[in-house]
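# Coordinates in review
Here's the letter readout for the chains.
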Amino acid sequence: VDGLADRAGNYTEDQKRRIYREGAHKFFRAKNKKRNLLIMGDCGAFTYAEQQEPPYSVDEVINFYEGLNLDFGVSMDHIIFDYLSDAQIKKGAVLQEDWVYRQELTISIASQFIKTVKKQKCAFTPLAVAHGWDPESYKNAVNQLQKIGYKKIAFGGMVPLRTTDVLDVLRECSTVKRSSTEFHLLGLTRLDKIAEFASLGVTSIDSTSPFRQSFMDEDDNYHTNKSNYVAIKVPQTNANPALVRRIKSGEVDQRKAMELETKCLDALRKFDAGKRSIKYVLNVLREYELVYAKEGINRSAKYERTLEEAPWKKCKCGICMEVGIEVMIFRGSERNKRRGFHNLSVFRQKLSKIF
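This is a predicted model, so every value here is computed, not measured.

Cut-offs used in this document
- Residues numbered from 1 in each chain as written.
- Predicted model: local features only at pLDDT ≥ 70, side-chain atom pairs only at ≥ 80, totals over all residues.
- Heavy atoms only, no water.
- Phe/Tyr/Trp six-rings, centres within 6.5 Å; stacked < 30°, edge-to-face > 60°.
- Buried < 20%, exposed > 50% of the residue type's maximum accessible area, 1.4 Å probe, protein only.
- Disulfide = S-S within 2.5 Å.
- Helix = DSSP H or I, 4+ residues; strand = E, 2+ residues; numbered from the N terminus.
- Contact = heavy atoms within 4.5 Å.
- Arc of directions from axis to C-beta.

## Description of the packing of aromatic side chains
Taken as a whole, this structure holds 14 aromatic pairs when the rule is applied. For the ring pair F27 and F28, a centre distance of 5.0 Å and an interplane angle of 85° mean the geometry is edge-to-face. Classification of F27 as buried rests on a relative accessible area of 10%. You can call F28 partly exposed: its relative accessible area is 43%. Relative to F113, the ring of Y65 has its centre 6.2 Å away and its plane inclined at 90°; by these criteria the two rings are edge-to-face.

Here's what the structure looks like:
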């Protein structure tokens, strides 16, 4: 929201004023008669990971959480990126002084944070982050955070870890976990292990993976309960940065690109209405791909699978039922994010089958 001294946040000035004025729940339309979604805030530790110390004060963080009327607030932490797995140790990896410094600093800040939260009688529930470099160090962090007074502890730095390493850490930490303590996994899901995570004390998780895969993944853009599909790329000739550069350089003829772009959209929409064959659509898509894509790229086989199985026609989520094949077209940011919300709906369905 606010960004850093040398880097603007993702919100315009108008959006920043509105979220502080209305609060996060109203801003995100997260509260209505049917449900009240809980919102958690943190400090975006990845953005300042290269700095010696986090850039905010405890008071600034608390004022931010209170100002947005959040339900949960994560104490400011300092990420430890490395992990001493057996494989890393065999390669000669050893404990670094900076890792110890970051862990101790995170715990020290957490201590100040919870004292101030209690003193000010803040409305949000405080979380602390346990950082470590092996199961034992994570356990020591959890131990200290519980003694400080935390009943909800998040685990940081686990996204790049193998699932076996995550389970090793949780098993070790569960040996010192108090009955009133709840664990949270930051940025990590691993659906196939969710039940096992829960058995080791994990009560909540957060991850942007289902959402981000809709526009960041090479192939798994559209999720279903059984399998994932590649979305169909139809770049905007006037908005796709890479294509715009090629047009400006004279490498791509703008008029031809615009004609093919329109032709692809028309073919896909008519296919959805039963008025075009898969073969025709694939030929049109390939013709445009030869214009905008790098040499050697050919997604025709992947597109054929998507078109043949037409998963959007079988989906009952509000997005697919309303927009049809539009959800499968990889194009502008808002369109791709809409597909991301479909993925979140599928994720919820998968989760509900586990619990």
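Right, picking up where we left off after that structure.
## Side note on the state of the cysteines
The final tally for this structure, using the stated rule, is 0 disulfides. No disulfide involves C320; its sulfur sits 3.6 Å from that of C317, the nearest cysteine. Of the residues examined, C320 reaches a relative accessible area of 4% and is grouped as buried.

## Observations regarding the side chain of D165
Structurally, D165 can be placed in helix 7 (residues 163–174). Aside from chain neighbours lying at most four places away, what touches D165 is Y83 and S85.

## A word on helix 3 (residues 58–67)
Buried within helix 3 we find V58, V61, I62, F64 and Y65. The buried residues of helix 3 all sit within an arc of 155° when viewed along its axis, so they share a single face. Of the surrounding secondary structure, the elements contacted by the buried residues of helix 3 are helix 1 (13–22), strand 1 (40–41), strand 2 (72–74) and helix 5 (97–120). Positive backbone phi, at 55°, marks N69, one or two positions downstream of helix 3.

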